[in-house]
Amino acid sequence: MQTAYLNGTLLPLSEARVSAMDRGFLFGDGAYEVIPVYSRRPFRLAEHLRRLRQTLDGIRLDNPHDDAAWARLIGEIIARNDGEDQSVYLQITRGADTRRNHAFPASVTPTVFVMSEPLLTPPPAQRETGIAAVSAPDMRWLRCDLKTTSLLANCLLRQLAVDAGCVETILFRDGYMTEGAASNIFAMKAGVMLAPPKNHLMLPGITYDVVLELAAAHGLPCEVRDVSEDETRAADELWMTSSTKEVLPITLLDGRAIGTGQPGPAFRNMYAWYQEFKQTVMRCGE
Ligand code: PMP
């Protein structure tokens, strides 16, 4: 049985209910985070909670808890659910109103929801052969830096990949690569790792930061700058990163091979560095 938290109460996930007048349901008016848990310890919790604060500030919603209270609550959910490795999902919405009205209610009681799911890591075959992606124009709004529950555009874009038998959709806006429908994207060219800069057009990924830190620590040359669509398609390697997928090589884009069409040497290094880092900070104590 999965145990969830809803508005101050721990309960079976199957019994968690919110009002049909909740603004999360009516407008997608909320913020969320997904935090991977290894050996029952949340990975990069402080960074996830910082990004949550930035999203809440960006949508003008007060943070219902300070970091210490969030850490206790997340720890409680981890302890009450099965599995050493989990994926904790938390969501705060602007709560239920008495009538449907776009403008905020005069007083807000936010809805706070936390649950845990088993952490599903990608099948090893995806690392060994790479994954296929499609591309699409990035038709989302201009605050993609906020991790809000209004994810319809991301859902539609991601479905394009699924419809084509692929894993991810790479997004281009005004001739530049922004990110994936649910991941950040890195390119390798002539031994240099290229990463689009954090701005309002992409989510500041927690994994994105880890990858940049690992590149710096291991001396992999890196340029954080706009990456054009042409550069993306002509890259030697493309990777996607996210909390649950970690780092995955993209070897096919719109049916055309990226580089040799096989996972590249830089990916293999980065994947090994990522696993080593995880083992060091998560499994053996910090
Ligand atoms: N961009 C988008 C649009 C995402 O939804 C995600 C998370 N699934 C990411 C990037 C990666 O962020 P993180 O590394 O924090 O999971």
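Undergrad: Just to check I follow, could you spell out the side chain of Arg140 for this structure?
TA: Looking at the secondary structure, you find Arg140 in the loop between β7 (131–137) and α5 (152–163). There is a polar contact of 3.4 Å between the side chain of Arg140 and the backbone oxygen of Leu201. Those residues in contact with Arg140 that lie beyond four places of it in its chain are Ala153, Asn154, Leu157, Leu171, Arg173, Thr178, Glu179 and Leu201.

Undergrad: What am I meant to see in the site of the ligand here?
TA: Neighbouring residues of the ligand: 17 residues in total, closest Arg51, Glu179, Ile206, Thr207 and Ser243. In the environment of the ligand, an oxygen atom lies 2.8 Å from a nitrogen or oxygen atom belonging to the side chain of Arg51. Between a nitrogen atom of the ligand and a main-chain N or O atom of Ala182, the distance comes to 3.0 Å. When isolated, the ligand has an accessible area of 400 Å², and the protein chains bury 89% of it. The pocket occupied by the ligand, as judged from atoms lying within 2 Å of grid points, is the largest pocket.

Undergrad: What should I look at first to understand the layout of surface pockets in this one?
TA: Empty space left among the atoms is revealed by rolling a probe the size of a water molecule over them. Each pocket or cavity is described by its volume, and for the largest pocket that value is around 1100 Å³. Around the largest pocket, the lining is made up of 39 residues, and of these Tyr32, Val34, Lys147, Leu151 and Ala182 lie nearest the centre. Elements supplying a minimum of two residues to the lining of the largest pocket: β3 (30–38), β5 (86–93), β6 (111–118), α5, β9 (176–180), α6 (206–217) and β13 (237–242). The element best represented in the lining of the largest pocket is α5, accounting for four residues. Class assignment of the residues belonging to the lining of the largest pocket gives a composition of 17 nonpolar, 13 polar and nine charged. Taken domain by domain, the lining of the largest pocket gets at least three of its residues from each of domain 1 (3–118) and domain 2 (124–284).

Undergrad: Where do I start with empty space enclosed by the protein in this structure?
TA: Counted by the stated rule, this structure contains one cavity of 30 Å³ or more. As a volume, the largest cavity reaches approximately 40 Å³. What lines the largest cavity is simply Asp236, Glu237, Leu238, Trp239, Pro249, Ile250, Thr251, Ile258, Gln262, Pro263, Gly264 and Phe267. At the level of secondary structure, the elements contributing two or more residues to the lining of the largest cavity comprise β13 and β14 (246–253). Taken together, the residues that form the lining of the largest cavity break down as seven nonpolar, three polar and two charged.

Undergrad: Help me out: how do you make sense of the pattern of salt bridges in this one?
TA: Between side chains of opposite charge, a pair can form when the charged atoms approach closely. In this structure the tally under the stated criterion is 20 salt bridges. Here Glu213 makes a salt bridge to Arg44, at a shortest N to O gap of 2.7 Å. Placement of the pair is Glu213 in helix α6 and Arg44 in the loop between β4 (41–42) and α2 (45–58), with a sequence separation of 169 residues. For Arg44, a relative accessible area of 15% translates into the label buried. Shared partners join several salt bridges into a network, and the residues in it are Asp138, Arg140, Arg173 and Glu179.

Undergrad: Honestly, the packing of aromatic side chains in this entry has me stumped. Any pointers?
TA: Two numbers describe a pair of aromatic rings. These are the distance of the centres and the angle of the planes. According to the stated counting rule, one finds eight aromatic pairs in the structure shown. Seen from their ring centres, Tyr38 and Phe43 are 5.7 Å apart, and the 80 degrees between their planes marks the pair as edge-to-face. Here the aromatic cluster, defined as three or more aromatic residues joined through ring pairs, consists of Tyr38, Phe43, Tyr274 and Phe277. The residue whose ring lies beneath Arg94 is Phe104, and the NZ or CZ to ring-centre distance is 3.6 Å.

Basis of the calculations
Residues numbered from 1 in each chain as written. Predicted model: local features only at pLDDT ≥ 70, side-chain atom pairs only at ≥ 80, totals over all residues. Heavy atoms only, no water. Helix = DSSP H or I, 4+ residues; strand = E, 2+ residues; numbered from the N terminus. Polar contact = N/O pair within 3.5 Å; in protein donor to acceptor, adjacent residues only side chain to side chain. Contact = heavy atoms within 4.5 Å. Near = heavy atom within 4 Å. Areas by Shrake-Rupley, 256 points an atom, 1.4 Å probe, with all protein chains shown as cover. 1 Å grid on protein atoms, 1.4 Å probe; cavity = no way out; pocket = protein on both sides within 12 Å on 5 of 7 lines; lining within 4 Å. Sits in = over half its atoms within 2 Å of the grid points. Points joined across faces, edges and corners; volume = space filled by probe spheres on them. Nonpolar A, V, L, I, M, F, W, Y, C, P; charged D, E, K, R; others polar. Domains from an automatic or database assignment. Salt bridge = Lys/Arg side-chain N within 4 Å of Asp/Glu carboxyl O. Buried < 20%, exposed > 50% of the residue type's maximum accessible area, 1.4 Å probe, protein only. Phe/Tyr/Trp six-rings, centres within 6.5 Å; stacked < 30°, edge-to-face > 60°. Lys NZ or Arg CZ within 6 Å of the ring centre and 35° of its normal.

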